[in-house]
Amino acid sequence: MPEIARRPALPAPGEPFPGVAVTLAPLPAAARFVLRGDLAAVAAAGNAFGVALPSRINTASTLGARSALMLGPDEWLLVADDTSAPDATWALVRALESALGTVPHSLVDVSHRQTAIRVEGHEAALTLNAAVPLDLCEEAFPVGMATRTICEKAEIVLWRTGPRAFRVEVWRSFAPYVMDLLSAVSQENVPD
Amino acid sequence: MLLIRCPYCQTDRPELEFRYGGEAHVSRAQDPSSVPDAAWAEFLYMRTNPKGFHVERWRHTHGCGRFFNAVRHTVTDRFLATYRAGEPKPDLEALAREAAR
């Protein structure tokens, strides 16, 4: 039987790609879950996850390394960046499942489905706008806003973590495409 | 590019995030086997295809993922209104009068 090796979708974390006025950095592996359910499920999951789930659509709430993004009327993306220890993801699954108990819900582990890229720098919004059709000025897309959208041909979750910083969650098979696209754009964006 | 207002996200979003879903308010019979063939064919195949305002389903595929209904002019592509699935069909004439003002 052939040996199965996990091939990273992007270069190793900690090797940022230096663009002209923007830095693209693949982020380390994280635990991710998609939670769907009603208000009872939201309250229970928030307690177990350690950060209250946002109640306004397309917003994110963060506490430490845990973040919850409300992507739809009954859909949340839970991201835990503190699960590098072995079995940490599994412990989180057990905590969430025992808190949710008999409350009707759907909890799916999508940790390995997607990966993340940090886009940071003076021209972060301009760089993303080469491929993302949303208005990314701070009035229209303030810090803490997170939404599913498209990046040229790939579907992404775009999350503004700072005035000049974004986190792009992308499915791993699309990650090299998105990374190459943004890299090419970042080389062209020469600030005045 | 068209901007379409998603009634769930409550914001205007680019049309690239959406998918068209056909005519709205076409309801399937509760018991299809009791429906006469002509009425069933009507349900399956016949659509209004107007030149003017059309009530249709759209899905915010690359967004919140929800289906909703919209009133769109089939010639100008102008969206008069969008509303959540399950809400009643709006009065098209009143909407058109409002838009003409």
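Residues numbered from 1 in each chain as written. Chains lettered and ligands numbered in written order. Predicted model: local features only at pLDDT ≥ 70, side-chain atom pairs only at ≥ 80, totals over all residues.

Draft legend 1. Spatial organisation of the overall build of chain A. If you tally the helices and strands in chain A, you get four helices and 11 strands. For chain A, whose C-alpha radius of gyration is 17 Å, the value lies close to the compact-globule estimate of 16 Å for 192 residues. Overall, chain A is about 55 × 50 × 30 Å in size when its C-alpha atoms are taken along their principal axes. Here the analysis covers contacts within chain A between residues at least 6 apart in sequence; of these, 61% occur between residues at least 24 apart. (Helix = DSSP H or I, 4+ residues; strand = E, 2+ residues; numbered from the N terminus. Rg over C-alpha atoms; globule rule 2.2 N^0.38 Å. Contact = placed C-beta atoms within 7 Å.)

Draft legend 2. Molecular detail of the overall build of chain B. Assigned secondary structure in chain B consists of two helices and six strands. The order of helices and strands in chain B, counted from the N terminus, is β-β-β-α-β-β-β-α. Across its three principal axes, chain B shows a C-alpha extent of roughly 45 × 30 × 20 Å. In chain B, the share of contacts with a sequence separation of at least 24, taken over all contacts with a separation of at least 6, comes to 51%.

Draft legend 3. Here's a closer look at the domain arrangement of chain A. Residues and elements named next belong to chain A. In terms of domain boundaries, chain A breaks down into domain 1 (17-27 + 113-188) and domain 2 (31-109). Domain 1 and domain 2 are separated by 23 Å when their C-alpha centres are compared. Of all the secondary-structure elements, those providing two or more residues to the side of domain 1 that touches domain 2 are β9 (146-151) and β10 (154-162). Sort the elements by how many residues they give to the side of domain 1 that touches domain 2 and β9 lands first, with three residues. (Domains from an automatic or database assignment.)

Draft legend 4. A look at the sheet that holds strand β5 (residues 67-73) of chain B. Residues and elements named next belong to chain B. Judged by pairing direction, the sheet is antiparallel, and its four strands sit side by side in the order β3-β4-β5-β6 without closing on themselves. Only two strands of the sheet have a single partner each, and these edge strands are β3 (19-23) and β6 (79-84). In this sheet, neighbouring strand axes are inclined to one another by 30° on average, regardless of whether the strands run parallel or antiparallel. Where strand β4 (residues 53-59) lies against β5, seven bridges are found, and the strand directions are antiparallel. From the neighbouring strand, F53 faces β5, where its bridge partner is H73. In this fold helix α2 (residues 92-100) packs onto β4, β5 and β6, with an angle of close to 135° to the strand it touches most, β6. (Pairing = 2+ DSSP bridges. Axes fitted to C-alpha atoms, helices over the stretch in contact; angles between N-to-C directions.)

Draft legend 5. Summary view of the sheet that holds strand β5 (residues 66-72) of chain A. Residues and elements named next belong to chain A. Strands sit in the order β4-β5-β6-β3-β7 across an open sheet of five strands; the sheet is antiparallel. The open sheet has two edge strands, β4 (60-63) and β7 (105-109), and neither has a second partner. On average, each strand axis in the sheet is tilted by 15° relative to the strand beside it, whichever way the strands run. In this sheet, strand β6 (residues 75-80) lies alongside β5 in antiparallel orientation, the contact comprising six bridges. When the bridges of β6 are listed, G72 appears paired with E75. Contacting β3 (31-37), β5, β6 and β7, helix α1 (residues 39-49) runs over the sheet at an angle of about 160° to β3. Docked against the sheet, helix α2 (residues 88-100) engages β3, β6 and β7, running at close to 180° with respect to β7.

Draft legend 6. Highlighting the nonpolar core. All names here are of chain A. Counting residues in hydrophobic clusters, the biggest one holds 61 residues, and the most contacted among them are A45, L69, W76, L78, V119, V168 and V178. Counting the residues that make up this core, at least three belong to each of domain 1 (17-27 + 113-188) and domain 2 (31-109). What L69 contacts, discounting residues up to four positions off in sequence, is A60, W76, L77, A146, V157 and W159. (Core = buried A, V, L, I, M, F, W, Y, C linked by C-beta atoms within 7 Å. Buried ≥ 20, exposed ≤ 12 C-beta atoms within 10 Å, placed from the backbone.)

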